[in-house]
There are 8 protein chains.
Amino acid sequence: MLKQVKGGKLSVEDAVDRLRNLPYEDIGFARIDHHRPLRQGFPEVIFARGKAPEHVEGIVRGMLRNRHNILITRGNEELYERIKTLDKRAQFHALSGAISICRDRKIRGKGKILVVSAGTSDIPVAEEAQVTAEVMGNRVDSIYDVGVANIHRILSESQQLRSARIIIVVAGMEGALPSVVGGMVSVPVIAVPTSIGYGASFHGLAALLGMLNSCASNIATVNIDNGFGAGYLASVINRL
Amino acid sequence: MLKQVKGGKLSVEDAVDRLRNLPYEDIGFARIDHHRPLRQGFPEVIFARGKAPEHVEGIVRGMLRNRHNILITRGNEELYERIKTLDKRAQFHALSGAISICRDRKIRGKGKILVVSAGTSDIPVAEEAQVTAEVMGNRVDSIYDVGVANIHRILSESQQLRSARIIIVVAGMEGALPSVVGGMVSVPVIAVPTSIGYGASFHGLAALLGMLNSCASNIATVNIDNGFGAGYLASVINRL
Amino acid sequence: MLKQVKGGKLSVEDAVDRLRNLPYEDIGFARIDHHRPLRQGFPEVIFARGKAPEHVEGIVRGMLRNRHNILITRGNEELYERIKTLDKRAQFHALSGAISICRDRKIRGKGKILVVSAGTSDIPVAEEAQVTAEVMGNRVDSIYDVGVANIHRILSESQQLRSARIIIVVAGMEGALPSVVGGMVSVPVIAVPTSIGYGASFHGLAALLGMLNSCASNIATVNIDNGFGAGYLASVINRL
Amino acid sequence: MLKQVKGGKLSVEDAVDRLRNLPYEDIGFARIDHHRPLRQGFPEVIFARGKAPEHVEGIVRGMLRNRHNILITRGNEELYERIKTLDKRAQFHALSGAISICRDRKIRGKGKILVVSAGTSDIPVAEEAQVTAEVMGNRVDSIYDVGVANIHRILSESQQLRSARIIIVVAGMEGALPSVVGGMVSVPVIAVPTSIGYGASFHGLAALLGMLNSCASNIATVNIDNGFGAGYLASVINRL
Amino acid sequence: MLKQVKGGKLSVEDAVDRLRNLPYEDIGFARIDHHRPLRQGFPEVIFARGKAPEHVEGIVRGMLRNRHNILITRGNEELYERIKTLDKRAQFHALSGAISICRDRKIRGKGKILVVSAGTSDIPVAEEAQVTAEVMGNRVDSIYDVGVANIHRILSESQQLRSARIIIVVAGMEGALPSVVGGMVSVPVIAVPTSIGYGASFHGLAALLGMLNSCASNIATVNIDNGFGAGYLASVINRL
Amino acid sequence: MLKQVKGGKLSVEDAVDRLRNLPYEDIGFARIDHHRPLRQGFPEVIFARGKAPEHVEGIVRGMLRNRHNILITRGNEELYERIKTLDKRAQFHALSGAISICRDRKIRGKGKILVVSAGTSDIPVAEEAQVTAEVMGNRVDSIYDVGVANIHRILSESQQLRSARIIIVVAGMEGALPSVVGGMVSVPVIAVPTSIGYGASFHGLAALLGMLNSCASNIATVNIDNGFGAGYLASVINRL
Amino acid sequence: MLKQVKGGKLSVEDAVDRLRNLPYEDIGFARIDHHRPLRQGFPEVIFARGKAPEHVEGIVRGMLRNRHNILITRGNEELYERIKTLDKRAQFHALSGAISICRDRKIRGKGKILVVSAGTSDIPVAEEAQVTAEVMGNRVDSIYDVGVANIHRILSESQQLRSARIIIVVAGMEGALPSVVGGMVSVPVIAVPTSIGYGASFHGLAALLGMLNSCASNIATVNIDNGFGAGYLASVINRL
Amino acid sequence: MLKQVKGGKLSVEDAVDRLRNLPYEDIGFARIDHHRPLRQGFPEVIFARGKAPEHVEGIVRGMLRNRHNILITRGNEELYERIKTLDKRAQFHALSGAISICRDRKIRGKGKILVVSAGTSDIPVAEEAQVTAEVMGNRVDSIYDVGVANIHRILSESQQLRSARIIIVVAGMEGALPSVVGGMVSVPVIAVPTSIGYGASFHGLAALLGMLNSCASNIATVNIDNGFGAGYLASVINRL
């Protein structure tokens, strides 16, 4: 169109008019293309729950054409068997059901991300956070089973805590651990409530409310059981 | 009636029949009288909120005829001025609005009750618990402002905590302090959620759910802002 | 380190510095060791739900090296068969799914713990409370099926109620029994709401709210279906 | 129209057509007129809250043209002063704010309606129920302050309870009284939860859920604080 | 004991003392025996859900020794096969899963109970109400599928509605039918919300709240899906 | 009856009397017949979930006698196999489980209905809306997978959006898409929350609340997952 | 920029690049200008609650420069006095607090919008809907006080209902009226729940859930008390 | 103590023993002192709501002895007048009620923090976030009134968005803006729900749930109206 303007085939007024109506997608996609390099190291992600295995397989096959890492969350062993035939680098993380295909192992995060979980039952969610952060190019450590009812367990890890640039704290039941961790460090803490508990835990509501009302100020919260979101956000912060 | 039986004026069968239908209140009140001595040191309690000052004054006047301690909860200074004219021993506890008249200062509790509060805003509820326990004949100590976001504050009080026979923990917001205290001691912990907080605290619901889901096992919970109930139950336990 | 200070190999300043950074776990674990004897008779507990049977078996095998009693909650017959091969003293409590291994039968509780349940459907939770209290060295009695809709059932048990040092009251549906029991005795009452009910019971919420709002003052509440917690707390109180 | 048909001015077909489209209100109002005599003794009722005093006054002035009793709920003293000038028989019930004008004092209910309240704070709602039942031509008795935490109070009233044809039970907090009363009698029980309580009473939700989940089967529930509805329904039953 | 008093073996004072402590159960059970005849025609009821079939069978076997009707709610065909072998009069009501054994067919209710349901999916709950009322000795009619979205269906049944002494209205989704029926009649209406619906029905909560907030005043509500309770209460009212 | 009046066999007064009591159903059904033509093109609809396949088959067989389109929602492949044998035009929509039998393909809607869905998981609900609108005689287009987290996707469809007369927007999770679409167009937007999500989505509550609180004013909301309702209402609007 | 391209001062490539990064607001505002004519008759709207009167006055002053109608919602008399000084055409709608300035009285809606309210307390919300629809150029009628507890009131208005092109139904308490109206007409119904009610109405939640679960299919719902939204959406539909 | 060891006055064993029991506060406070420098630029913060003005004044007087910045949240003009007399640098931020005393104006944040708000009513919360971030040494920009119902407003700010290192998004009602912003940038987004809205916003619950369920992955959420927390966390991230 601009060539037409230059060649005089299109008046400036008409061009303005057409630009005004230019479909947004063009500009949009252009902008996305333009921004891609900034997004290097961001994985392609598939939420597998509720998707047919052959459907997931098809998506992965398409994704393998580019060079991003691939992360499948909430999968299972059966799905893993399928994916492994597509790419031998596929790894299965049994507790969380995550399947990762790491093709780009460059470390992009500037510091260490630490994943802390309160109870052993919270580990599947913690593992999802950990795998996500690894797939996105971070050094990740984890401390499991340091719930507040034995406060010495988390206190004894204070050096580990202080060595991290971002901390993800995963907890169910009363969800109190993020407040304690938040008070022990000066770095950002991402709190992940889990649905672990029974009765008045109301499927994670108790932990969620606890974290939102934390008296520590360096804390923000993601959805119940959203280990992926925590790992993703931590990775975004760690690239700053 | 029994005299009639003895005197032959009433057959045994008729007496059985009448006893069967004997109004429960007679037996009931008798039993209460009989049990009173066991209840020595239990105060007379008035929940003042929503009652007219002259109404409360009237009740207190009646209570002064016996020798129990008297506790008025959720009162205010104006009410206190009235009550003071009835008995000079009346004391006003300004933060909680409690008014106490201690006429029986005998210590009946076997150990010390410790009242711990997470934030300064939780102190009114903590004070209500403390006054209640004192009026019921206990030695009471308190530690205020030791919330979990600075975990060292509560840890530094571990000796105090270990010196108590029963601990009342008062906390709003995320309500995490009882879990931490529960893990630090071997004695019973009574958790009191408060309505302190805003937004997703939902008037104390967050703290309440947190305490009910505590991963420490030596904890039970009372209603939101129920400092009186906690002080009362602690006193009952402390007499065991 | 202290020897180095004594020997002059370490300056006082450096020692202060190192102590300041001394990992908490050391102090922590020391303190736990020191406190152990106070905790004699506390069982090792495993929450079996959601754990693989072989996993539970492994944990039990480890626990059997010391001499504590062992309690597995929310297990099943299959798990029991495995555990029985490890220790013949293992007992299965079929209603609650609890498995206990009592190796230390010393009575540590000073009085009797009484477990009261409102309906026959509440018995599994009541049984969990009872087994827990027994494993922790208490004499325990139980009264089942004395719900408030036939008030004479609980009234006829008033002697039993008065013989107890602590009472655990288990109730679903409207959860009214603890209020009635609380008014009949002067000892502490631990209220356990159950998820028994349908419709507007909302999985135990109705019973939970009822208990938290009890007009009796000697009551505290634990989480829905938390028989274990009630039995544990009652044991803690019963040792006072 | 029927006359037109008879006179031949309207064909049967056209009449059918017009009847088919006959506005419902005509039939409706006819039916209402027809039913009126059956409804003798039903009061005219005004819910005063949120209505301007002069507005209520105007409505009452209109109502005074017929001979029904008049009931104003949720009024206040100021409104009462206005209404008294319209009819000297107006009575003010200060606790509930009800204002009644009884012009038809015929007893239409076949038995006695008994209003029972758990606590003194529940009396305003109980009074609204009582006044409503009286205005609708019933003999009404009341028993106040017989909450379940002192079970002997209600047991001692068993004769009173058995003398009633319908029982209204008003209770806040845990709302347990209807279950106990329901089990003591064979007559219908109407349960009224009140918003009395604090914290986890959630403005009457706890009492409401308790009553809906009652293990007694002769109970139905009305809205929180709805003394009027309970009194009205009891009157309807009492005329059967 | 009374004989001892008569015989002079027990002083009046001592007898009073012993009576004061007479276990409540004796009086209680006596009173129940005494009242039994008043309760003629009340069925023995078993809530089958969650009970083992052999357990239910055992209870029924015991009940068959007396002459009451027997009602089993929430059963199934398999259970019915067992029960039929115990008593040939057993009937299976397939939609609700109720099993009834009618041995006493005397009509005790004074009028007709009408069960109205809004949708075809609500019929199981309606059937439970109907069977309960029949087993308790009432004439019962039913009208199904007259929900408010086609208002003419219920209007066309106005004669049926007016012929009933008590009406039970069963409705899920928005639960609006009781308000409409309540306005059409002068008799008591028992509203039964059902869990029929999806999404924002929240398992019957929408219908429950709708019924509790009904603008018709002759309505009371029972628990979600509680057809039994509605049938029971209607029977109690119908005997008045 | 009117003939009797005409013939003098029935007085006008008696006829009025009988008309007054004429069962509503007659008038009602008449009115429905009368209105039918206005309703041309409205399908017969069966909600299949919870209905036995043979039951649905029976209903369909009855419906096939008239000429309306037939729509079965929430069916499955097995049901489809049955229905296909009744009418070969039956079509199965596998994602939503809808089965349609289109016998009247006349376009009655004046414009195009556009169905927009936020995520691929929302497509089943979107498909239900689309099939409903098609069966009711509308031209329907759809745009899938244009959620707000990549705002350019929906912006690039602005021409499509502007070509529609009514837009249905289907979204789970945060339910934000209707607000964005509502702001981009001047036509009515029907928002359908879905139960897609986990944790704090609370089965669609988050999306529902989001849509109800939309800051765009041309939006109304239907129940969670109610694709059928949205398609139906859109069709009703599209005939205006 | 296009002139630069034409004049050769800017290469086509550079222009494409700049266009790609052209701030959206320019395109955006252009598009809004371009679309304005389509939006003729849409009023400028101010939500007054929580805004300072002088602030609202300032906004109105600015709006008066163009020729749109102006609508202020949730205002009060004091604000009206200010606005009247700016434009004498300002009208105050006292029940809803709406203030309208109608400068463009052209009727743009094709049919009549009918606003129906269940109770007299719902009229403020109904009035807001009515004023909104009038300000947006519609003929509007209203029917008030036709709640379902007297079903004949709404039935008697069936002709009025059938004369409308869109119906807005406003109801609090159980919110049942939209279902009834929806079943009586073939046009779209916009349901507006109100916060009228008490107790278990939970500030309009009961009515909201009722409407969302309506068994009539031609209904969609807006936020609680959102008369404005209903009037706006009805106007948008009425222009189709 | 270490000096005693060195001087031989204390055996190593005794020292170990004393260290084991060394009150935690000493270590704790030491650690805090030691960490202080790391915390340079962290303000002293007072939550003023519910505190007496003279109390706040006293705290500020104490704080002025050190050199940190001081931030008072949720204050008012009256409080500001008091504080201004203590330090002339005090500034009042009228919309949020924040009062700041900036004594240390060093910029410590590495990039720009951008505060975005959806509606003008959200500005008080946004201002609290902005002031907090400024007091903590950050460059802060803000964009107000860019809600999603006019999507072009936020799109036109894409350059601003891309210039920020961390973005705080403040929104009430449906809370959709964070999802849109999250999708437009690669930096962390902190979402702040506000209590702005009415009806089904349930005091911010709708916005909170919307944000927790965001389909954008670079988002975490803080409590409703918690502008301070968002500003604090953003500052913590910005120092990384």
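Thresholds applied
Residues numbered from 1 in each chain as written. Chains lettered and ligands numbered in written order. Predicted model: local features only at pLDDT ≥ 70, side-chain atom pairs only at ≥ 80, totals over all residues. Heavy atoms only, no water. Axes fitted to C-alpha atoms, helices over the stretch in contact; angles between N-to-C directions. Helix = DSSP H or I, 4+ residues; strand = E, 2+ residues; numbered from the N terminus. Parallel < 35°, antiparallel > 145°, perpendicular 65-115°, else oblique. Left-handed = near helix turned anticlockwise from the far one by under 90°. Contact = heavy atoms within 4.5 Å. Nonpolar A, V, L, I, M, F, W, Y, C, P; charged D, E, K, R; others polar. Pairing = 2+ DSSP bridges. Least-squares fit on C-alpha atoms with pLDDT ≥ 70 in both. pLDDT = per-residue confidence, 0-100. Buried area = accessible area lost by both parts, 1.4 Å probe. Polar contact = N/O pair within 3.5 Å; in protein donor to acceptor, adjacent residues only side chain to side chain. Right-handed = clockwise from strand over helix to strand, strands pointing away. Buried < 20%, exposed > 50% of the residue type's maximum accessible area, 1.4 Å probe, protein only. Salt bridge = Lys/Arg side-chain N within 4 Å of Asp/Glu carboxyl O. Phe/Tyr/Trp six-rings, centres within 6.5 Å; stacked < 30°, edge-to-face > 60°.

A. Spatial organisation of the packing of helix 4 (residues 53-63) of chain D against helix 5 (residues 77-86) of chain D. Residue and element names in this part refer to chain D. Between helix 4 and helix 5, whose axes approach to 10 Å, the crossing angle comes to 30°. Taken together, the axes of helix 4 and helix 5 lie roughly parallel to each other. Note on packing geometry: the crossing formed by helix 4 with helix 5 is right-handed. Across the interface between the two elements, P53, E54, V56, E57, V60 and R61 of helix 4 pack against E78, L79, R82, I83 and L86 of helix 5. Here the contact of helix 4 with helix 5 is composed, by residue class, of six nonpolar, no polar and five charged.

B. Geometry of the sheet that holds strand 3 (residues 91-93) of chain C. Residues and elements named next belong to chain C. Strand order in the open sheet formed by four strands is 1-2-4-3, and the pairing between neighbours is mixed. This sheet does not close on itself; its edge strands, each paired only once, are strand 1 (44-47) and strand 3. Taken over all neighbouring pairs, the strand axes of this sheet differ in orientation by 15° on average, direction set aside. Bridging between strand 3 and strand 4 (residues 98-101) involves three bridges; their strand directions are antiparallel. In the sheet register, Q91 faces strand 4, and the bridge partner there is S100. Helix 5 (residues 77-86) rests against strand 2 (70-73), strand 3 and strand 4 of the sheet, and its axis sits at about 15° to strand 4.

C. Structural detail: the relation of the copies chain H and chain A. Laying chain H over chain A is done by rotating through 179° and shifting 0.1 Å along the axis; what remains is an RMSD of 0.3 Å. Read as a symmetry element, the transformation amounts to a two-fold axis. The overlap is high: 97% of the interface residues of chain H also sit at the interface in chain A, so the same surface is used on both sides.

D. Structural view of unusual backbone geometry. Even without being a glycine, F202 of chain B presents a positive backbone phi close to 45°. Inspection of the secondary structure assignment puts F202 of chain B in the loop between strand 8 (189-193) and helix 10 (205-212).

E. The arrangement of the confidence of the model for chain A in detail. Residues and elements named next belong to chain A. Mean pLDDT for chain A: 87, with 88% of residues reaching 70 or above. In this model residues 21-38 is a low-confidence stretch, pLDDT under 50, and it forms 25 contacts with partners more than four residues away in sequence or in other chains. This complex was scored by the predictor with a pTM of 0.89 and an ipTM of 0.85.

F. Region of interest: the interface of chain H and chain A. Contacts between the two partners involve 32 residues from chain H and, on the opposite side, 31 residues from chain A. Here chain H and chain A share an interface that buries about 2,700 Å² over both sides, 61% of which is from carbon and sulfur atoms. Interface area lost by chain H to chain A is led by L212, S217 and L240 of chain H, which between them contribute 21%. Where chain H touches chain A, the interface holds five residue pairs in polar contact (both at pLDDT 80 or more). Mapped by element, the contributors of at least two residues to the side of chain H that touches chain A are helix 3 (24-35), helix 8 (158-162), helix 9 (177-184), helix 10 (205-212), strand 9 (219-221) and helix 11 (227-238) of chain H. Take the side of chain H that touches chain A: its biggest share by element is six residues, from helix 11 of chain H.

G. Up close: the pairing of strand 6 (residues 139-143) of chain C. All names here are of chain C. Pairing of strand 5 (residues 112-117) with strand 6, which is carried by five bridges, proceeds in the parallel orientation. In the strand pairing of strand 6, L114 is matched with D141. As for the winding sense of the linkage, the β-α-β connection from strand 5 through helix 6 (residues 123-135) to strand 6 is right-handed.

H. Broad picture of the packing of helix 10 (residues 205-212) of chain E against helix 10 (residues 205-212) of chain G. Contact geometry of helix 10 of chain E with helix 10 of chain G gives a least axis separation of 8 Å together with a crossing angle of 125°. It follows from the interaxial angle that helix 10 of chain E and helix 10 of chain G lie oblique. Here helix 10 of chain E and helix 10 of chain G pass one another in a crossing that is left-handed. Facing L205, A206 and L209 of chain E of helix 10 of chain E, the residues of helix 10 of chain G in contact are L205, A206 and L209 of chain G. For the contact of helix 10 of chain E with helix 10 of chain G, a count of residues per class yields six nonpolar, no polar and no charged.

I. Just helix 10 (residues 205-212) of chain D, in detail. Burial within helix 10 of chain D is extensive, with eight of its eight residues counted as buried. Turning to helix 10 of chain D, its buried residues are L205, A206, A207, L208, L209, G210, M211 and L212 of chain D.

J. Representation of the pattern of salt bridges in the model. Scanning the model with the defined rule gives 67 salt bridges over all chains in all. Of the charged contacts, one joins K84 of chain D and E81 of chain D as a salt bridge, the two residues approaching to 3.5 Å between their closest N and O atoms. Of this pair, K84 of chain D and E81 of chain D both sit in helix 5, separated by three residues, roughly a single helical turn. Two residues, E57 of chain H and R61 of chain H, come together in a salt bridge whose shortest N-O distance is 2.9 Å. Of this pair, E57 of chain H and R61 of chain H are both found in helix 4 (residues 53-63), four residues apart, which corresponds to roughly one turn of the helix. Residue class for R61 of chain H comes out partly exposed when judged on its relative accessible area of 43%. Members of the salt-bridge network, linked through shared partners, are E54, E57, R61 and R82 of chain B.

K. The packing of aromatic side chains, seen in detail. Evaluated as defined, the whole model comprises 32 aromatic pairs over all chains. Between F47 of chain D and Y198 of chain G, the ring centres sit 6.1 Å apart and the planes meet at 10°, which makes this aromatic pair stacked. Taken together, the residues span two chains, with F47 of chain D in strand 1 (residues 44-47) and Y198 of chain G in the loop between strand 8 (189-193) and helix 10. Accessibility expressed as a relative area gives 33% for F47 of chain D, which makes it partly exposed. Measuring from centroid to centroid gives 5.3 Å for Y80 of chain G and F92 of chain G, while their planes differ by 20°, and the two rings are stacked. With Y80 of chain G in helix 5 (residues 77-86) and F92 of chain G in strand 3 (residues 91-93), this pair connects stretches of sequence that are 12 residues apart. The class for F92 of chain G is partly exposed, based on a relative accessible area of 23%.

L. Inspection of the environment of D104 of chain C at higher detail. Residues and elements named next belong to chain C. Inspection of the secondary structure assignment puts D104 in the loop between strand 4 and strand 5. Distance in space between the C-alpha atoms of D104 and R65 is 14 Å, their sequence separation being 39 residues. With near-sequence residues (within four places) excluded, D104 lies in contact with G41, R67 and N69. Side chain to side chain, D104 and R108 meet in a polar contact 3.0 Å long.

M. Just the pairing of strand 5 (residues 112-117) of chain G, in detail. Residue and element names in this part refer to chain G. Most of strand 5 sits out of view: six of its six residues are buried. Residues K112, L114 and V116 point to one face of strand 5 and I113, V115 and S117 to the other, with burial holding for every one of them. In the sheet, strand 5 pairs with strand 7 (residues 166-171) via five bridges, with the strands oriented parallel. Bridge pairing links I113 to I166 in strand 7.

N. Molecular detail of the sheet that holds strand 4 (residues 98-101) of chain H. Residues and elements named next belong to chain H. Pairing is mixed in the open sheet, where four strands are placed in the order 1-2-4-3. Across the chains shown, the open sheet's two edge strands, defined by having one partner strand only, are strand 1 (44-47) and strand 3 (91-93). Sheet twist, expressed as the average angle between the axes of neighbouring strands with direction ignored, equals 15°. Strands strand 1, strand 2 (70-73) and strand 4 of the sheet are contacted by helix 4, whose axis makes an angle of about 180° with strand 1.

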